[in-house]
Amino acid sequence: MLSLHRASSDASAHPSAGRRRGSRAHYWYCPQGFVGNEKGSLLKLQQEVLLGAQKNHIPFVRYDHIFSTASELMDTSIQTLDAYPRCTRILNCFRGQKELFAHFHEKTRYNIRLSQKRGVQVSRIDVSNCDENIKREVYSVFQQTGKRHEMRTYPQHHFDILWHMPLARWYAAYRENCIIAAQVVVLLGDTATYLHGGSLYEYRSDMASYALQWKALQDACEEGFQYYDLWGIAPPN
């Protein structure tokens, strides 16, 4: 659930900058909401963020309250439409790769193995030392995926910023020296979060997206992250 705080008049929420659709007004966005053990500390944190927004002439602060309840919100908060997935699924990396793989759905395990049999190769992209053509290929894959599913994709400048973010990790799946799928994972604290991904329709039978997710999850486990957030999984019907 998303909420807004009107802000017309050193916080640990770390809100990021955003832009309201249809206007040039910027706002602060805190994707994981405010987290704390006591209601009083949460309210104080929200007040500090609002004060910072006012000083920087930010009209409002937008945030999820995944870990907080409505009773912990300030009176000035307004519930609004979801901009990002409301439901997700988080995997516990401490279970280990073997146990995680065993608990996957049978079809998921099959598709991962199938991608390997079809010769799909997955690697992490070294954005600091890669050819510019790789970046263009990845962006093209994202654009084609968005068009195919009639989804709005981020503009080039947003992609360029994300490409060079220290906390962003990019992966590409190759078939015959061609990038057929790609995804980006964002690292923060003890969690690796799958953010965006895309694939080419003509290679859909290669199941490259499954190979990408499995590689990213393996890396998260090996590097000591506690959780892998799939960031957008619908609940069972």
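Conventions we followed
Residues numbered from 1 in each chain as written. Predicted model: local features only at pLDDT ≥ 70, side-chain atom pairs only at ≥ 80, totals over all residues. Heavy atoms only, no water. Pairing = 2+ DSSP bridges. Helix = DSSP H or I, 4+ residues; strand = E, 2+ residues; numbered from the N terminus. Axes fitted to C-alpha atoms, helices over the stretch in contact; angles between N-to-C directions. Contact = heavy atoms within 4.5 Å. Buried < 20%, exposed > 50% of the residue type's maximum accessible area, 1.4 Å probe, protein only.

So, on to the sheet that holds strand β10 (residues 191-199). In any sheet, the strands associate via hydrogen bonds between backbone groups, in a parallel or an antiparallel arrangement. One open sheet holds the 6 strands; their spatial order is β6-β11-β10-β9-β8-β7, and the pairing between them is mixed. In this open sheet, the two edge strands, each paired with only one partner strand, are β6 (90-92) and β7 (121-124). Averaged over all adjacent pairs, the angle separating strand axes in this sheet is 25°, with direction ignored. As paired elements, β10 and strand β11 (residues 227-229) share 3 bridges and run parallel to each other. What sits directly across from A192, in β11, is Y228. Strands β8 (168-175), β9 (178-188) and β10 of the sheet are contacted by helix α4 (residues 132-148), whose axis makes an angle of about 90° with β9.

Another point: unusual backbone geometry. Here H57, not a glycine, exhibits a phi torsion of approximately 60°, which is positive. Residue position: H57 is located in the loop between α1 (39-55) and β4 (60-64). With relative accessibility at 71%, the residue H57 sits in the exposed group. Even without glycine at this site, N177 takes up a positive phi of about 65°. One can find N177 in the loop between β8 and β9.

Keep in mind these numbers describe shape, not what the thing actually does.
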